[in-house]
Amino acid sequence: MLNAEDNALITRVGPNTPMGEYLRRYWVPALLSEEVPTPDCPPVRVTILAETLIAFRDTEGRVGLVDNYCPHRRASLFFGRNEESGLRCVYHGWKFDATGACVDMPSEPAESNFKDKVRVTAYPCEERGGVVWAYMGPPDRQPELPNLAWAAVPDSHRFLSKCRQECNWLQALEGGIDSSHISFLHSSLKARDYAINASSRGLQDAALHDRSPRFFLEHADYGLVIGARRSTADGQYYWRITPWMLPYSTIVPAEPHAVMTGNMYVPADDETTLVFRASWHPLRPLTDAERHEYETGGVFHELVQPVTYRPYANKDNDYLQDREMQRTVNFSGIKGIQAQDMAVIESMGAISDRTREHLGTSDSAILGARRRLLREVANFQEGIEPEAPHNGDLYWVRSAAVEAPQSMPMLDVAEQYMAVEKSTLAKQSTT
Amino acid sequence: MLNAEDNALITRVGPNTPMGEYLRRYWVPALLSEEVPTPDCPPVRVTILAETLIAFRDTEGRVGLVDNYCPHRRASLFFGRNEESGLRCVYHGWKFDATGACVDMPSEPAESNFKDKVRVTAYPCEERGGVVWAYMGPPDRQPELPNLAWAAVPDSHRFLSKCRQECNWLQALEGGIDSSHISFLHSSLKARDYAINASSRGLQDAALHDRSPRFFLEHADYGLVIGARRSTADGQYYWRITPWMLPYSTIVPAEPHAVMTGNMYVPADDETTLVFRASWHPLRPLTDAERHEYETGGVFHELVQPVTYRPYANKDNDYLQDREMQRTVNFSGIKGIQAQDMAVIESMGAISDRTREHLGTSDSAILGARRRLLREVANFQEGIEPEAPHNGDLYWVRSAAVEAPQSMPMLDVAEQYMAVEKSTLAKQSTT
Amino acid sequence: MLNAEDNALITRVGPNTPMGEYLRRYWVPALLSEEVPTPDCPPVRVTILAETLIAFRDTEGRVGLVDNYCPHRRASLFFGRNEESGLRCVYHGWKFDATGACVDMPSEPAESNFKDKVRVTAYPCEERGGVVWAYMGPPDRQPELPNLAWAAVPDSHRFLSKCRQECNWLQALEGGIDSSHISFLHSSLKARDYAINASSRGLQDAALHDRSPRFFLEHADYGLVIGARRSTADGQYYWRITPWMLPYSTIVPAEPHAVMTGNMYVPADDETTLVFRASWHPLRPLTDAERHEYETGGVFHELVQPVTYRPYANKDNDYLQDREMQRTVNFSGIKGIQAQDMAVIESMGAISDRTREHLGTSDSAILGARRRLLREVANFQEGIEPEAPHNGDLYWVRSAAVEAPQSMPMLDVAEQYMAVEKSTLAKQSTT
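Remember, it's a predicted structure, so these values are computed and weren't measured experimentally. (Residues numbered from 1 in each chain as written. Chains lettered and ligands numbered in written order. Predicted model: local features only at pLDDT ≥ 70, side-chain atom pairs only at ≥ 80, totals over all residues. Heavy atoms only, no water.)

A.B. asks: Could you give an account of the overall build of chain A, with specific residues and numbers?
C.D. replies: Along chain A, the regular secondary structure elements total 10 helices and 18 strands. When burial is assessed residue by residue, chain A has 62% of its 431 residues classed as buried. By sequence separation, contacts in chain A at least 24 residues apart represent 60% of the contacts at least 6 residues apart. Surface exposure of chain A reaches about 15900 Å², of which carbon and sulfur atoms provide 49%. Where the 44 positive side-chain charges of chain A centre and where its 58 negative ones centre are 2 Å apart. (Helix = DSSP H or I, 4+ residues; strand = E, 2+ residues; numbered from the N terminus. Buried < 20%, exposed > 50% of the residue type's maximum accessible area, 1.4 Å probe, protein only. Contact = heavy atoms within 4.5 Å. Areas by Shrake-Rupley, 256 points an atom, 1.4 Å probe, with all protein chains shown as cover. Lys, Arg positive; Asp, Glu negative; His and termini not counted. Charge placed at Lys NZ, Arg CZ, Asp CG, Glu CD.)

A.B. asks: So, the sheet that holds strand 7 (residues 95-96) of chain C: which residues are in play, and what are the values?
C.D. replies: Residue and element names in this part refer to chain C. Taken in spatial order, the 4 strands line up as 5-6-7-8 in an open sheet, and their pairing is antiparallel. This sheet does not close on itself; its edge strands, each paired only once, are strand 5 (81-82) and strand 8 (102-104). Bridge analysis of strand 5 against strand 6 (residues 87-88) gives 2 bridges, and the strand direction is antiparallel. Bridging from a neighbouring strand, Arg 81 pairs with Arg 88 of strand 6. (Pairing = 2+ DSSP bridges.)

A.B. asks: Could you give an account of the environment of Leu 148 of chain C, with specific residues and numbers?
C.D. replies: Residues and elements named next belong to chain C. Tracing the sequence through the fold places Leu 148 in the loop between strand 10 (131-135) and helix 3 (149-152). Residue Leu 148 is classed as buried on the basis of its relative accessible area, which comes to 3%. Residues Leu 148 and Ile 345, spaced 197 residues apart in sequence, show a C-alpha to C-alpha distance of 26 Å. Beyond its immediate sequence surroundings of up to four residues, Leu 148 is in contact with Trp 133, Met 245, Ser 249, Met 264, Tyr 395 and Trp 396.

A.B. asks: Go over the packing of aromatic side chains, please, and point to the residues and values.
C.D. replies: Per the counting criterion, the structure on display carries 31 aromatic pairs over all chains. Summarising the aromatic geometry, the rings of Trp 133 of chain B and Trp 150 of chain B are spaced 6.5 Å apart at their centres and angled 20° between planes, so their arrangement reads as stacked. Residue Trp 133 of chain B is located in strand 10 (residues 131-135), and its partner Trp 150 of chain B is located in helix 3 (residues 149-152); the two are separated by 17 residues in the primary sequence. Comparing Trp 133 of chain B with Trp 150 of chain B, the two get one shared label, buried. On the numbers, 5.5 Å between centres and 40° between planes, the contact of Phe 159 of chain C with Tyr 294 of chain C is tilted. Highlighted residues: Phe 159 of chain C in strand 11 (residues 158-165) and Tyr 294 of chain C in helix 6 (residues 288-295), separated in sequence by 135 residues. Given the relative accessible area of 11%, Phe 159 of chain C is considered buried. Residue Tyr 294 of chain C is classed as buried on the basis of its relative accessible area, which comes to 9%. Through pairs of rings, three or more aromatic residues link up here, namely Tyr 22, Tyr 26 and Phe 380 of chain A. For the cation-ring pair, Arg 229 of chain A lies above Tyr 237 of chain A, with the distance from its terminal atom to the ring centre recorded as 3.8 Å. The residue whose ring lies beneath Arg 81 of chain B is Phe 331 of chain A, and the NZ or CZ to ring-centre distance is 5.0 Å. (Phe/Tyr/Trp six-rings, centres within 6.5 Å; stacked < 30°, edge-to-face > 60°. Lys NZ or Arg CZ within 6 Å of the ring centre and 35° of its normal.)

A.B. asks: Give a description of the interface of chain B and chain A that names residues and reports values.
C.D. replies: Each partner contributes to the interface: chain B provides 28 residues, whereas chain A provides 37 residues. Between the two partners, chain B and chain A, sit 4 salt bridges. Asp 318 of chain A serves as the salt-bridge partner of Arg 45 of chain B, at 2.9 Å between the closest nitrogen and oxygen. Put simply, chain B and chain A have 20 residue pairs in polar contact (both at pLDDT 80 or more) between them. Classifying every residue of the side of chain B that touches chain A gives 15 nonpolar, 7 polar and 6 charged. (Salt bridge = Lys/Arg side-chain N within 4 Å of Asp/Glu carboxyl O. Polar contact = N/O pair within 3.5 Å; in protein donor to acceptor, adjacent residues only side chain to side chain. Nonpolar A, V, L, I, M, F, W, Y, C, P; charged D, E, K, R; others polar.)

A.B. asks: Mind laying out the packing of helix 4 (residues 169-177) of chain A against helix 9 (residues 364-381) of chain A, listing which residues take part and the relevant values?
C.D. replies: Residues and elements named next belong to chain A. Contact geometry of helix 4 with helix 9 gives a least axis separation of 9 Å together with a crossing angle of 135°. Between helix 4 and helix 9, the angle falls in the class oblique. Taken as a pair, helix 4 and helix 9 cross one another with a handedness that is right-handed. Of the residues in helix 9, those touching helix 4 at Trp 169, Leu 170, Glu 174 and Ile 177 are Ala 365, Ile 366, Ala 369, Arg 370 and Leu 373. When grouped by side-chain class, the residues that make up the contact of helix 4 with helix 9 number 7 nonpolar, no polar and 2 charged. (Axes fitted to C-alpha atoms, helices over the stretch in contact; angles between N-to-C directions. Parallel < 35°, antiparallel > 145°, perpendicular 65-115°, else oblique. Left-handed = near helix turned anticlockwise from the far one by under 90°.)

A.B. asks: Any chance you could break down the pairing of strand 16 (residues 260-269) of chain C for me, citing the residues and the numbers?
C.D. replies: Moving residue by residue along a regular strand, the side chains alternate between the two faces of the sheet. All names here are of chain C. With 9 of 10 residues buried, strand 16 lies mostly within the body of the structure. Pairing of strand 15 (residues 249-251) with strand 16, which is carried by 3 bridges, proceeds in the antiparallel orientation. In the strand pairing of strand 16, Thr 250 is matched with Asn 263. As judged from the 9 bridges shared by strand 16 and strand 17 (residues 272-280), these two strands associate in the antiparallel manner. Paired with Met 260 across the strands is Trp 280, a residue of strand 17. Once strand 16 ends, the chain turns through 2 residues before running back antiparallel as strand 17.

Next up, the structure:
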């Protein structure tokens, strides 16, 4: 349902591609702060937007994100020494600070001023909400950090994880805004416990009662408001409303006062996505039980391997699908919402061939998101800069999952339930 | 001895290639029936003629063979639920029957007729002789199943195996019709036991006496009759006659009343071949000893790994070649006829560069087969449909391995010895 | 600092590339003699200059180096039988001697003269200094073997190793002539033991005192004389002089009377290098302690895996870098000079993108070597044959590492210290 050209246009993210440059107008989640936990700790490899980079935390605690290749002879700075406010290449000792300046070049004569002529590519970094954000676009276009609700709460209120998925970012994003698959992929086979994985009783009832939700889309300055409406047994509508915030943030629909989960589907390269996930409560610390569940691979957070962040359940082992479990316990035979999602989106191939899909009315959110992305990129190619990156407050929303009277239009539901709880910490200002 | 164009022409098997389309005029062995043993058992992945497919056995016992990709959003149907006469995608619950019809589309509104507009690619399947055959060509050209002798006997008379080879199908086929290598590749180093792997004393004597057999080819409606003639010590001729039945079936030369072995070298993709092998006796059940030998990786059947059907002896371990065995026991140092064959044909590369061969008189069977394939494809490209697929009875032949007087021409030998034993079960009619 | 065309020109080594053909004017180290230790031992696979070959030692002890593919049907000769003065293909028994002649063709009729029309590609081989050298160029251009000093000593005086590196040969060579990185990559963090890996006290002092050596280059008939000059604390110059002998031989700078180490960075293919290393003393056998150190992966010789010669410390395990060791013991956190070198040169990628380097004055040796290679290839493309391959005696030099008065020019230092010790065995004549 996309032609091949458009499919390539909105999936490719490397430097000098239209979508790649568009994405570089936003701050990008590059790594977890905990990956570079302390000053002068070992540097780590980071691949984002098809660029191979090295992240390090310097002596002052600032995070640097520099090109993998030392500009001298192109040895990897990964092996470098992180010491005294800079990263020093092990080959000839050239040293760069977090801004990319060459601050020492001991292999050259002291009188040489070659040091002042050499820089390594370095991207500005900010930390917020446990995530290191990078800005990889032109310096004169540097935007605000998005005021995401989960990033504003104290660390005690939030659990954060990162997970590698082996497919293009758009597949991952489309999975995140497709509210209709929860009635199937994530469902249980037991009647009173239809959606075992769903935390909400309202969802369980509605998903059981009405498996072909009707979709409503409204454009917002931050992206799209995506509502999936199901009839309920008692004559109401059950709404699940997902905010899709440009370019790749979503919040899973959640009932008022529930723990929420937000996702960011960040392109590592054209065929790999890093999903940053935050589960948080706006008003209270997470309980030990909640934290324990996330840490052990519960509902929204996947158990991943060290360094690579690849889940243990992956395509090489068919996501540990158990056919007997599929026959008797749940719809997919796969354990965990994330593994279920990964199984279907990775099985489409590295970049899904969207010319061969057959989309129905229940896919209108996906169609709407693609149209929006195509419009964003078309505008951008005509020189119209995106506005959302320069207005971080646009991101100050939450999702909704509520029952409402049939007479209430979606925008009223959205207005009533998508405001972030008032008692949350005052949102932080950018930069 | 083939130019690069012809080599590409007869080795490439994907959709819309000339050879690929020609091969799609025949029923294709797609999998063993035992891979989908029971109604509603788990679906399995099948790659045939460079198409990625999913096979399943439905509630009524029919085998379905459908596209890997669900036509909705292109999730793999491999993860699907095989239930109530159809395969249901785990993503949004779309369900397809063995004919490819969409029989349920629960994610769409009940009033929607979108279900009736969507199909998944599905190929007709038939089971015979323990094999699931598929027809992947245009529906109006659907042919007869070939009346292969081994497929007509009761299951008790037959042992069946499947084995993955990591090279193009033509290399595998050429190995199967090359009767001259048995004097070398498959030979023993012990004088009275020259061809340890050969079951026949006549072969042992003749292969020892005359290692440069003369080849005789005769065209048949089903393909080629390939005779290799060796002089014997007592002034007779020892004939080994292989029927090559279009497009990839052969029968190993065997003496009258012996157990026979037939091979089908089925292209999985351009660089992978699935060899389906049947050892059978036309008149009696196989003995426990015979069956035990095949099951444990004896003369003609290879021990393979589960799911992939890759042999344990493979190119990654140099086919377990033992140089001391090669010095003292057999010619190759490799155990088992199939592993010996695989070592040489896979070592030619994924697709052998036939522009750089040097073929002699002992390669005339291979030359003849290539010429026949080129002619078949040339005719096909001119719109002349192959006739063999529409006459299953042509395949009702066996091989021969006999001593005969020097005065007897090959065709007389063939006529006398290549008829299938009369007391075999009445051959089955097609479809 | 090279444009993309020049970078491709001097890195690509396959048949019919300019550099590939230039390199084929020299004898190439193809394998260690010990890989084919005895007459009629098993053949081994050898990839050199992007050609896949099979080496064997025949009954008379001669080494043959032939094409991997049997010219008949292109089965690999690796599986062949090495017997009675030739290598026999296991497929149909064709047999080739070390010159490439087909000496038996038993699958063809005795009266056939097809045997005389078929040859396998075979390259002349010579053994010297424990290495099998091959000549892969046109027969009428066959040169002399280089009179390398380490190859002339008795085996007792020499330790030889071979090691696979996963990058282009030029990266490996450039590492070998880059004398400035020893002050960093190979340095220790302890003051009095700055260069723990360096055997020489002079180096330790000088590398500590002056980390930006000045480079001096002089062209020689055999290649380049590369001098790195450092100031010493006592007002002298400390010289490290490396001879780079065309096309890929170097000798690590060593003090008079010390054990020396020579390297040959031989292109296996465009993205793989085989480093042949010899440590030798010109005047005496190596001691048990020295030999033990090399055998267990000491200073210059790496512990490698059998058959592949890939080091145990490799890019898949980040060369076993230990960040705590890097913090407290040595500059790189990697154990062993070779692993340190591999870490940096392999991390540049399979073929370094030299268009994006920033070279300083300390890189003048590398710049000089590239210019020389470009000139050699340019001359060669204009029909001017290289002369060095035809004058083996040019290679009769050693390296130097000495302190000398500031008034002494490099060429005087070179003349005084780079002559091979007189009492060395009389150098061998070529062929």
